[in-house]
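Here is how the chains run, residue by residue.
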Amino acid sequence: RAKLAMFLAESRDEQREALREMFDSFMHCPKKVSEENLKLLLTRLQIEENSLHPHPHDSPPWERKCARAILRLAKQFPNDPGAMAPFFLNYLLMAPGESFFMAANEPHAYVAGEIIECMACSDNVVRAGLTPKYKDTDILVNMLTYSQGGPSIDAGAPLESDGRILRYTPPVPEFEVLIMTCQPGDSISLQVGKTPAIFVIIEGTGFFEEGDTICRPGRCYYHPAEAPSITFSVPSEKRGPLKVAVAHQNLHLDIPTTYRKASMIPEVPFVSPTVFKQGNEDKLQDIGVNEYDYEM
């Protein structure tokens with residue numbers, strides 16, 4: 001019935017309701033039935049990967065990526081039906097410096113890699129799978145937006161006052177993220193005015209506060225509201241730049257660098273509702289839903 005509704009849906013509202021019905025059917029499927037179907041799926045995908053498609057370009061790109069994601073997740077979380085989640089999601093490979101905005105109540109999972117995640121204050125995370133933690137299926141199914149289409153990939157925009165600072169500005173007032181890049185032998189300053197900010201060193205080494213404080217990757221600093229501007233510097237003998245991520249209240253809400261999916265996608269046939277994200281290193285988090293997210 002849920003599958004039939006997907007084929008018969010015409011308007012955006014009908015597509016959204018059909019997707020909700022199908023996801024509800026998937027999430028409430030008896031555990032034994034889910035595990036049996038997962039085993040059959042894995043067997044088919046393994047055969048296709050090993051023999052039917054000897055060359056990686058012999059299968060369509062989305063199917064190839066989806067199949068590999070399912071096989072990978074099934075290895076990390078044996079017998080977890082959440083491994084089949086890529087059928088409902090967008091699968092994205094993000095390059096360094098790229099980001100996307102995710103509105104509240106949209107499911108997501110990080111398959112691999114290291115990212116910066118900035119999110120609005122949230123008092124709850126509702127989990128869907130790929131985790132030993134509690135999953136509240138009824139609340140999850142009822143709270144999702146079932147929005148369709150892929151996210152807008154945001155490469156940032158130079159700050160008007162200094163082109164070495166890129167801003168990643170979502171269409172919500174809670175936050176924005178800046179990336180400051182200071183080359184060897186140079187210095188860079190940022191004034192955030194009356195807004196408190198958090199600084200995280202993500203790459204390289206250097207100094208701030210007139211050379212008194214050493215900056216190394218992983219260190220985090222809180223900058224109070226109305227405090228003087230911070231100046232970072234990198235000695236000329238260093239080989240690489242210092243990169244600093246800054247998060248604070250959105251000061252450029254009138255000129256966002258990315259948009260909500262609903263405001264940018266016309267009425268189109270059904271495509272999957274949210275995102276997977278893959279990077280270079282193995283790091284997996286559970287599929288969950290929370291408040292606004294900005295992923296980099």
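Residues numbered from 1 in each chain as written. Predicted model: local features only at pLDDT ≥ 70, side-chain atom pairs only at ≥ 80, totals over all residues. Heavy atoms only, no water.

### Thoughts on the environment of M22
Then, number 1: Position of M22 relative to the elements: it lies in helix α2 (residues 12-27).
Then, number 2: Taking C-alpha positions, M22 is 9.5 Å from F88, a pair spaced 66 residues apart along the chain. (Helix = DSSP H or I, 4+ residues; strand = E, 2+ residues; numbered from the N terminus.)

### Structural notes on the pattern of salt bridges
Then, number 1: Across all of its chains, the model carries seven salt bridges by this definition.
Then, number 2: Salt-bridge contacts for R20 lead to E17; the nearest nitrogen and oxygen are separated by 3.3 Å. Highlighted residues: R20 and E17, both in helix α2, separated by three residues, approximately one helical turn.
Then, number 3: The shortest N-O distance in the salt bridge between R20 and D24 comes to 3.8 Å. You can see R20 and its partner D24 sitting in helix α2, four residues apart, about one turn around the helix.
Then, number 4: Using a relative accessible area of 22% as the deciding quantity, one classes D24 as partly exposed.
Then, number 5: Connected through shared salt-bridge partners, E17, R20 and D24 make up one network. (Salt bridge = Lys/Arg side-chain N within 4 Å of Asp/Glu carboxyl O. Buried < 20%, exposed > 50% of the residue type's maximum accessible area, 1.4 Å probe, protein only.)

### So, the nonpolar core
Then, number 1: If you look at the biggest cluster of nonpolar residues, it comprises 30 residues, and the most contacted ones within it are F23, M27 and L140.
Then, number 2: Elements supplying a minimum of two residues to this core: α2, α3 (31-52), α4 (61-76), β5 (126-129) and α5 (137-143).
Then, number 3: With six residues, the single largest contributor to this core is α4.
Then, number 4: By size, the runner-up hydrophobic cluster in this structure holds 20 residues, among which are M180, I188, V192 and F232. (Core = buried A, V, L, I, M, F, W, Y, C linked by side-chain atoms within 4.5 Å.)

### Section: the packing of aromatic side chains
Then, number 1: All chains considered together, the criterion is met by seven aromatic pairs.
Then, number 2: Measuring from centroid to centroid gives 6.4 Å for F23 and F26, while their planes differ by 40°, and the two rings are tilted. Here the residue F23 and the residue F26 both occupy positions in helix α2, the gap between them amounting to three residues, near one helical turn.
Then, number 3: Consider the rings of F23 and F88, whose centres lie 5.4 Å apart with planes at 85°: the pair is edge-to-face. (Phe/Tyr/Trp six-rings, centres within 6.5 Å; stacked < 30°, edge-to-face > 60°.)

### Quick notes on the pairing of strand β15 (residues 242-248)
Then, number 1: Within β15, five of the seven residues are buried, which leaves it mostly tucked inside the rest of the structure.
Then, number 2: Where strand β8 (residues 176-182) and β15 come together, seven bridges link them in antiparallel fashion. Counterpart to L178 in the pairing with β15 is V246.
Then, number 3: Taken together, the six bridges between strand β10 (residues 197-203) and β15 define a ladder with antiparallel strand orientation. Across the sheet, residue I201 finds its bridge partner in β15, namely V244. (Pairing = 2+ DSSP bridges.)

### A look at a nonpolar patch on the surface
Then, number 1: A cluster of nonpolar side chains, L4, F7 and L8, forms an exposed patch at the surface whose accessible area comes to about 370 Å².
Then, number 2: Mapping L4 onto the fold places it in helix α1 (residues 2-8).
Then, number 3: The class for L4 is exposed, based on a relative accessible area of 52%. (Patch = residues over 30% accessible without salt bridge, like charges linked within 9 Å, V, L, I, M, F, W, Y side chains within 5 Å. Areas by Shrake-Rupley, 256 points an atom, 1.4 Å probe, with all protein chains shown as cover.)

### Remarks on α2
Then, number 1: The end-to-end C-alpha distance of α2 is 22 Å, a good match for the 22 Å that 16 residues give at a rise of 1.5 Å each.
Then, number 2: Those residues of α2 that sit buried are R12, Q15, A18, L19, E21, F23, F26 and M27. (Expected span 1.5 Å × (residues − 1).)

### Re unusual backbone geometry
Then, number 1: The phi dihedral of Y146 falls on the positive side, at around 55°, and the residue is not glycine.
Then, number 2: Turning to its location among the elements, Y146 is positioned in the loop between α5 and β6 (157-159).
Then, number 3: Y146 gets classed as buried once you look at its relative accessible area, which sits at 7%.
Then, number 4: For E226, which is not a glycine, the phi torsion comes out positive at approximately 65°.
Then, number 5: Tracing the chain through its elements places E226 in the loop between β13 (220-223) and β14 (230-233).

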